[in-house]
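Next come the chains, spelled out residue by residue.
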Amino acid sequence: MRVGVDEAGKGPVLGSMFAAAVRAEPEALPAGVADSKTLPPARRETLAAEIRERAAAVAVAEVPVERIDDPETDMNGLTVEAHARALADVAHDGPAVTLDAGEVDAERFGRRVADRVDADLDLTARHRADADDSLVAAASIVAKVARDAHVDELADRFGDVGSGYPSDPATRAFLRAYVDEHGSLPACARASWQTCDDVLAAAEQAAIGEF
């Protein structure tokens, strides 16, 4: 029995980040499991449902915007926290664990996660583990589907928010329109992101230009 852990939503300017842990025998996973970024949304959803049915345990940890914007935190630390929370829910009997490393120093990332989990773990952290480890790939799928569902909920509440990533024109257009209408950022925005600073500064400059 092995465990894979990965996260989704570290870089967006909108919404939560999610980490997932999948505990299973690799041969129990459905065919077609791969890095979630290489799979279309519908295929991810199908695989995520099958992974949940076949795995011994699946856990998801959410890091909300309020936590991300806390000045006492940083994204590397929050990624460690999310991995550890998801892992702690499935790490029974000391399974071998592989993490997709969430910072430049993969070994340090692994140590930081292990220090937060009260279990005796054979733990390895590697960059791009989601591309070559089936359990990590499964975790990446579960985490991405959780993130996608979250973005859908934001769209139901706020309208078209795009993907939530700063590079997405639809996301930037949503932020500009919201600030123009309300004079402030939406609750789903990571106010500590530079993208939000840029949108607020542009709105302020536009208001000055009207006088």
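The coordinates are above.
Everything in this summary refers to the structure shown in the same document. (Residues numbered from 1 in each chain as written. Predicted model: local features only at pLDDT ≥ 70, side-chain atom pairs only at ≥ 80, totals over all residues. Heavy atoms only, no water.)

**Quick look at the environment of Ala24**
For step 1, the next point in the chain: Checked against the element boundaries, Ala24 lands in strand 2 (residues 17–24).
For step 2, the next point in the chain: When its relative accessible area of 1% is taken as the criterion, Ala24 is described as buried.
For step 3, the next point in the chain: Residues Ala24 and Asp74, 50 residues apart in the sequence, show an inter-C-alpha distance of 31 Å.
For step 4, the next point in the chain: In this view, Ala24 contacts Met1, Arg2, Leu29, Ala55, Ala56 and Leu135; residues no more than four positions away in its chain are not counted. (Helix = DSSP H or I, 4+ residues; strand = E, 2+ residues; numbered from the N terminus. Buried < 20%, exposed > 50% of the residue type's maximum accessible area, 1.4 Å probe, protein only. Contact = heavy atoms within 4.5 Å.)

**Thoughts on the pairing of strand 3 (residues 57–63)**
For step 1, the next point in the chain: The side-chain alternation of strand 3 yields one buried face, formed by Ala57, Ala59, Ala61 and Val63, and one unburied face, formed by Val58, Val60 and Glu62.
For step 2, the next point in the chain: Here strand 2 runs beside strand 3; their pairing, made up of 7 bridges, is antiparallel. Bridge assignment links Arg23 to a residue of strand 3, and that residue is Ala57. (Pairing = 2+ DSSP bridges.)

**Some remarks on the pattern of salt bridges**
For step 1, the next point in the chain: For the structure on display, the rule yields 13 salt bridges.
For step 2, the next point in the chain: Between Arg67 and Asp70 there is a salt bridge, and its shortest N-O distance comes to 3.6 Å.
For step 3, the next point in the chain: If you follow the salt bridges from partner to partner, you end up with Asp35, Lys37, Arg128 and Asp130 in one network. (Salt bridge = Lys/Arg side-chain N within 4 Å of Asp/Glu carboxyl O.)

**Some thoughts on the sheet that holds strand 5 (residues 122–126)**
For step 1, the next point in the chain: The 5 strands are arranged 3-2-1-4-5 in an open sheet whose pairing can be described as mixed. A single partner strand is all that each edge strand has here, and the edge strands are strand 3 and strand 5. Each strand of the sheet is rotated relative to its neighbour by a mean of 15°, with strand direction disregarded.
For step 2, the next point in the chain: In the sheet, strand 1 (residues 2–8) pairs with strand 4 (residues 96–100) via 4 bridges, with the strands oriented parallel. Residue pairing for strand 4: Gly4 is matched across the bridge by Thr98.
For step 3, the next point in the chain: The sheet contacts of helix 4 (residues 106–115) involve strand 4 and strand 5, and relative to strand 5 the element is tilted by about 140°. (Axes fitted to C-alpha atoms, helices over the stretch in contact; angles between N-to-C directions.)

**Concerning the side chain of Ser140**
For step 1, the next point in the chain: Summarising the element assignment, Ser140 is placed in helix 6 (residues 134–158).
For step 2, the next point in the chain: Within polar-contact distance, the side chain of Ser140 engages the backbone oxygen of Ala137 at 2.7 Å.
For step 3, the next point in the chain: In this structure, Ser140 is in contact with Asp6, Ala34, Asp35, Ser36 and Asp130, ignoring residues within four places of it in sequence. (Polar contact = N/O pair within 3.5 Å; in protein donor to acceptor, adjacent residues only side chain to side chain.)

**Topic: the nonpolar core**
For step 1, the next point in the chain: In terms of nonpolar packing, the biggest core is built from 45 residues, with Leu14, Leu87, Val97, Leu99, Val113, Phe174 and Leu175 touching the most fellow members.
For step 2, the next point in the chain: Dropping the residues within four chain positions of it, Val97 is found in contact with Val3, Val5, Leu87, Leu121, Asp122, Leu123 and Thr124.
For step 3, the next point in the chain: Ala8, Ala20, Ile51 and Ala55 belong to the second-largest nonpolar core, a separate cluster that totals 19 residues. (Core = buried A, V, L, I, M, F, W, Y, C linked by side-chain atoms within 4.5 Å.)

**A look at unusual backbone geometry**
For residues besides glycine, phi is generally negative; the peptide bonds are generally trans as well.
For step 1, the next point in the chain: Located in the positive-phi region is Arg128, a residue other than glycine, with phi close to 60°.
For step 2, the next point in the chain: Mapped onto the elements of the fold, Arg128 is located in the loop between strand 5 and helix 5 (129–132).
For step 3, the next point in the chain: When its relative accessible area of 44% is taken as the criterion, Arg128 is described as partly exposed.

**Some thoughts on the pairing of strand 2**
For step 1, the next point in the chain: Burial runs high along strand 2: 8 of the 8 residues are buried.
For step 2, the next point in the chain: By the alternation rule, side chains of strand 2 split into Met17, Ala19, Ala21 and Arg23 and Phe18, Ala20, Val22 and Ala24, which are all buried.

**With respect to the side chain of Arg190**
For step 1, the next point in the chain: Secondary-structure assignment places Arg190 in the loop between helix 7 (169–182) and helix 8 (194–209).
For step 2, the next point in the chain: The charged side chain of Arg190 is buried without a salt bridge, its nearest counter-charge being Asp69 at 6.7 Å.
For step 3, the next point in the chain: A polar side-chain atom of Arg190 sits 2.9 Å from the main-chain carbonyl oxygen of Gly15. (Lys, Arg positive; Asp, Glu negative; His and termini not counted.)

**Some remarks on a negative patch on the surface**
For step 1, the next point in the chain: Together, Glu45, Glu62, Asp152, Glu153 and Asp156 line one region of the surface with negative charge.
For step 2, the next point in the chain: No other element matches the 3 residues that helix 6 contributes to the negative patch.
For step 3, the next point in the chain: Along the chain, the position of Glu153 falls in helix 6. (Patch = residues over 30% accessible without salt bridge, like charges linked within 9 Å, V, L, I, M, F, W, Y side chains within 5 Å. Areas by Shrake-Rupley, 256 points an atom, 1.4 Å probe, with all protein chains shown as cover. Charge placed at Lys NZ, Arg CZ, Asp CG, Glu CD.)

**Digging into the packing of aromatic side chains**
For step 1, the next point in the chain: Tallying each qualifying case throughout the model produces 3 aromatic pairs.
For step 2, the next point in the chain: Where Phe158 meets Phe174, the ring centres are 6.0 Å apart and the plane angle is 65°; that geometry is what we call edge-to-face. Taken as a pair, Phe158 in helix 6 and Phe174 in helix 7 lie far apart in primary sequence, 16 residues in all.
For step 3, the next point in the chain: By relative accessible area, Phe174 is classed as buried at 8%.
For step 4, the next point in the chain: With centroids separated by 6.0 Å and ring planes inclined at 55°, the aromatic side chains of Phe174 and Tyr178 adopt a geometry described as tilted. Of the two residues, Phe174 and Tyr178 both sit in helix 7, 4 residues apart, roughly one turn of that helix. (Phe/Tyr/Trp six-rings, centres within 6.5 Å; stacked < 30°, edge-to-face > 60°.)

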